[in-house]
Amino acid sequence: MRTAVVTGASSGIGAAVAERLAGSWDLLLVGRDEARLAAVADRTGGRSLVADLAGPDGVEAVRAAADGRVTLLVHAAGLGAAGPLADTSAACVDELMQVNLVAPVQLTRALLPTLVAQRGHVAFVASIAAIGVADEVVYSATKAGLRGFADALRLEAGIGVTTVLPGAVDTPYFARRGRPYHRRFPRPVSPERVAAALVDGVRRRRTEMFVPGWLTLGARVHGAAPALFARLSRRADPH
Ligand SMILES: NC(=O)c1ccc[n+]([C@@H]2O[C@H](COP(=O)([O-])OP(=O)(O)OC[C@H]3O[C@@H](n4cnc5c(N)ncnc54)[C@H](OP(=O)(O)O)[C@@H]3O)[C@@H](O)[C@H]2O)c1
């Protein structure tokens, strides 16, 4: 069986991706919480790797375990932060940058020779925040960075690259960032729906998918008319 590495596999979207891949892939499941990760490993027949991606040692541990074998690399680990930029601590900025952006870039870089040799595929869980969300400025920057990295890698590397950009997803993400989801619209979707889109996107070698699909419209407006997008966003969610 081909090997898939899934980061963030101990919870939410990453755990749902692992469940979706189970049976067809040899799974290497990466997370920090040993007990939750072991439970997902039990359900999916995968192997657990406890690693903290907030530092180079964790990234190196994943590389060492995956090198020479990985065919599919799914970057689902990540965390959020909400609040005005002026109230965001320097430590929080560093952690978001490291886990959401630096770790996936470094891990992809380190595993690229194997992925190329295996004619492999990388999938990134970005976010609709990649097009800019007020009160989530640093988070938005990490996800825009991830999207840009994926777009460039797709041109350069000769491997499959899929980016999934979900809107709100019903996972522990919001509780962990310390602020519940507050918008009436759009309603959160299930992590299983995001996982199904991601796995289908990898199978069809799709480049980019918004979940739910209608969020694509926001991204098109943002791309074609950024000033109009900013006006509409401020009106929909005034700060
Ligand atoms: N939920 C949403 O509304 C939403 C929307 C768009 C995009 N996303 C993105 O989707 C991805 C998954 O989030 P989720 O919603 O599934 O949230 P979640 O349930 O909180 O899961 C986050 C995962 O990331 C892992 N993680 C966090 N910090 C880590 C670190 N320092 N080292 C290693 N692993 C770490 C967690 O591991 P442990 O639990 O073991 O600590 C967990 O497995 C994230 O990249 C997030 O930005 C989420």
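Anything mentioned here points back to the structure above.
Residues numbered from 1 in each chain as written. Predicted model: local features only at pLDDT ≥ 70, side-chain atom pairs only at ≥ 80, totals over all residues. Heavy atoms only, no water.

Trainee: I tried to follow the overall build of the protein chain on my own but got confused; where do I start?
Mentor: Regarding its fold elements, the protein chain presents nine helices and seven strands. What you see for the protein chain is a C-alpha radius of gyration of 17 Å, in line with the 18 Å of a compact globule of 239 residues. Over its C-alpha atoms, taken along the principal directions, the protein chain stretches across nearly 50 × 35 × 30 Å. Scored against the burial criterion, the 239 residues of the protein chain give a buried share of 49%. Considering only residue pairs separated by 6 or more positions, the protein chain has 63% of its internal contacts joining residues 24 or more positions apart. Carbon and sulfur atoms provide 55% of the accessible area of the protein chain, an area that totals close to 11500 Å². Charged side chains of the protein chain number 28 positive and 21 negative; the gap between the two group centres comes to 9 Å. (Helix = DSSP H or I, 4+ residues; strand = E, 2+ residues; numbered from the N terminus. Rg over C-alpha atoms; globule rule 2.2 N^0.38 Å. Buried < 20%, exposed > 50% of the residue type's maximum accessible area, 1.4 Å probe, protein only. Contact = heavy atoms within 4.5 Å. Areas by Shrake-Rupley, 256 points an atom, 1.4 Å probe, with all protein chains shown as cover. Lys, Arg positive; Asp, Glu negative; His and termini not counted. Charge placed at Lys NZ, Arg CZ, Asp CG, Glu CD.)

Trainee: Just to check I follow, could you spell out the packing of aromatic side chains for this structure?
Mentor: Aromatic rings considered in pairs are described by the distance between their centres and by the relative angle of their planes. Considering all chains together, one arrives at five aromatic pairs under this definition. A ring pair is formed by Phe124 and Phe149, whose centres lie 5.8 Å apart and whose planes are at 90°; its orientation type is edge-to-face. Here Phe124 is found in strand β5 (residues 121-125), whereas its partner Phe149 is found in helix α5 (residues 137-156), with 25 residues between them in sequence. Seen in terms of ring centroids, Phe174 and Tyr181 are 5.2 Å apart; in terms of plane orientation they differ by 55°. Their pairing is tilted. For Phe174, a relative accessible area of 13% translates into the label buried. Taken together, the ring pairs connect Tyr139, Tyr173, Phe174 and Tyr181 into an aromatic cluster. Looking at Arg2, its charged tip hangs above the ring of Trp25, at a distance of 4.0 Å from the centre. (Phe/Tyr/Trp six-rings, centres within 6.5 Å; stacked < 30°, edge-to-face > 60°. Lys NZ or Arg CZ within 6 Å of the ring centre and 35° of its normal.)

Trainee: Would you mind showing me how to read the layout of surface pockets here?
Mentor: Of the volumes computed, that of the second largest pocket is approximately 220 Å³. Looking at the second largest pocket, it is lined by 14 residues, and the ones nearest its centre are Arg2, Trp25, Leu72, Val202 and Arg203. Here the lining of the second largest pocket takes three residues from helix α7 (residues 191-203), the largest share from any one element. Of the residues contributing to the lining of the second largest pocket, the split by class is five nonpolar, four polar and five charged. (1 Å grid on protein atoms, 1.4 Å probe; cavity = no way out; pocket = protein on both sides within 12 Å on 5 of 7 lines; lining within 4 Å. Points joined across faces, edges and corners; volume = space filled by probe spheres on them. Nonpolar A, V, L, I, M, F, W, Y, C, P; charged D, E, K, R; others polar.)

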